[in-house]
Amino acid sequence: MLPVDTLDTALVTGASTGIGAAYADRLAARGHPLVLVARNREALDTLAARLSREHRVKVDVLPADLTSSAQRAEVERRLREDEAIGTLVNNAGASVAGGLAEARLDDVEAMIGLNVVAPTRLTGALLPRLLARGRGSIINIASALAIAPELSVGAYAATKSYLLTYTLSLHKEVNGRGVQVQAVLPGITRTAIWEHAGKDIDSFPEHMIMEVDEMVDAALAGYDMGELVTVPSLPDGEEWNGYDEARRRLFPELSRSQAADRYKSDIPEDA
Ligand SMILES: NC(=O)c1ccc[n+]([C@@H]2O[C@H](COP(=O)([O-])OP(=O)(O)OC[C@H]3O[C@@H](n4cnc5c(N)ncnc54)[C@H](OP(=O)(O)O)[C@@H]3O)[C@@H](O)[C@H]2O)c1
């Protein structure tokens, strides 16, 4: 197990319910003081009271709508200024029901604000301090749809692909500088997100649905193993490595002075 920054405070977004609440519980159990962020102040207060009682850690709540730039700015300020914060779990996220043609575009934009803009800005607010002290963690909750966009419609999967790509670039930026980053790619996990998106989770076969505690425990086990990308349900981790290696094998071919032969006219110039 990697050393856990027991004294560092973890800020968890989307902590009022679902995956974020499970992260808050597990991180409190590990001894992390917490800052819990979401819109529902009452749910945050109830969770904070329970966690501080059960795990004897300090738990602050910071209610904010992360699609509002003014409210998000308060969270950014906390990340910038609170010297105790060393871990950020970018978990808050939502999806929009149906495909792009049926969706309200304002809802799609709000989803991109929550799933893409917020984690980027929150990470950017915290990162300089983590790099300066050479220690800290950023955990981004993406989705298995990041690598399987054909299993859904609309823009949700693309927001999750962004988080995966973003994590890989972030890793490159911080590598060797003491900051651990991780992208988590959960499959179908039993939370309220499905209901909010107008889908019945029980319409999926039972064997495809993971309970939230099991998912978060697996994701944290991947974190402890130092994984950059964790796919909680993937039985054989080597399958991910093979997928990643295939992608990396393309690197030397992705930028060349000449277009590939198949894109060149086969009509000789002097014909
Ligand atoms: N469940 C799955 O099957 C699944 C699979 C793959 C990935 N994920 C990802 O896992 C993450 C957590 O999802 P979940 O399944 O736990 O969903 P959830 O139960 O619906 O929880 C979403 C959390 O985000 C918060 N949130 C929503 N809109 C917000 C906003 N505008 N500002 C601030 N907080 C906001 C919610 O709290 P408030 O309503 O109080 O604001 C809640 O705490 C998401 O990023 C999701 O994309 C989920």
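Calculation notes
Residues numbered from 1 in each chain as written. Predicted model: local features only at pLDDT ≥ 70, side-chain atom pairs only at ≥ 80, totals over all residues. Heavy atoms only, no water. UniProt positions renumbered as here; feature names shortened; annotations may be inferred. Core = buried A, V, L, I, M, F, W, Y, C linked by side-chain atoms within 4.5 Å. Buried < 20%, exposed > 50% of the residue type's maximum accessible area, 1.4 Å probe, protein only. Helix = DSSP H or I, 4+ residues; strand = E, 2+ residues; numbered from the N terminus. Contact = heavy atoms within 4.5 Å. Pairing = 2+ DSSP bridges. Axes fitted to C-alpha atoms, helices over the stretch in contact; angles between N-to-C directions. Expected span 1.5 Å × (residues − 1).

Taking an unreviewed UniProt entry as the reference, the protein is identified by name as NADP-dependent 3-hydroxy acid dehydrogenase YdfG belonging to Dyella jiangningensis. For the protein, the Sequence similarities (unreviewed entry) comment in UniProt is given as "Belongs to the short-chain dehydrogenases/reductases (SDR) family."

Draft legend 1. Examining the nonpolar core more closely. Judged by nonpolar contacts, the single largest core of 35 residues is most densely connected at Val75 and Leu79. Of all the secondary-structure elements, those providing two or more residues to this core are β2 (34–37), α3 (69–81), β4 (85–90), α4 (105–133), α5 (156–174) and β6 (179–184). Sorting elements by how many residues they give to this core places α4 first, with eight residues. Non-local contacts of valine 75, meaning those with residues more than four positions away in its chain, are made with Leu11, Val37, Leu62, Ala64, Leu66 and Leu122. Counting 30 residues, the second largest nonpolar core, distinct from the first, contains Tyr23, Leu34, Leu36 and Ala38.

Draft legend 2. Inspection of the sheet that holds strand β5 (residues 136–141) at higher detail. Spatially, β3-β2-β1-β4-β5-β6-β7 is the arrangement adopted by the seven strands of the open sheet, whose pairing is parallel. With one partner strand each, in any of the chains shown, β3 (59–61) and β7 (229–230) form the two edges of the open sheet. Packed on one face of the sheet, helix α2 (residues 41–55) meets β2 and β3 and runs near 175 degrees to β3. Against the sheet, helix α7 (residues 212–224) engages β5, β6 and β7, with an angle of about 145 degrees to β6.

Draft legend 3. Helix α1 (residues 18–29), seen in detail. An ideal rise of 1.5 Å per residue puts 16 Å on twelve residues; α1 measures up with 17 Å between its terminal C-alpha atoms. With respect to burial, α1 is a largely interior element, nine of its twelve residues being buried. Among the residues making up α1, those that are buried are Ile19, Gly20, Ala21, Ala22, Tyr23, Ala24, Asp25, Leu27 and Ala28. Backbone geometry just downstream of α1 places glycine 31 in the positive-phi region, at approximately 100 degrees.

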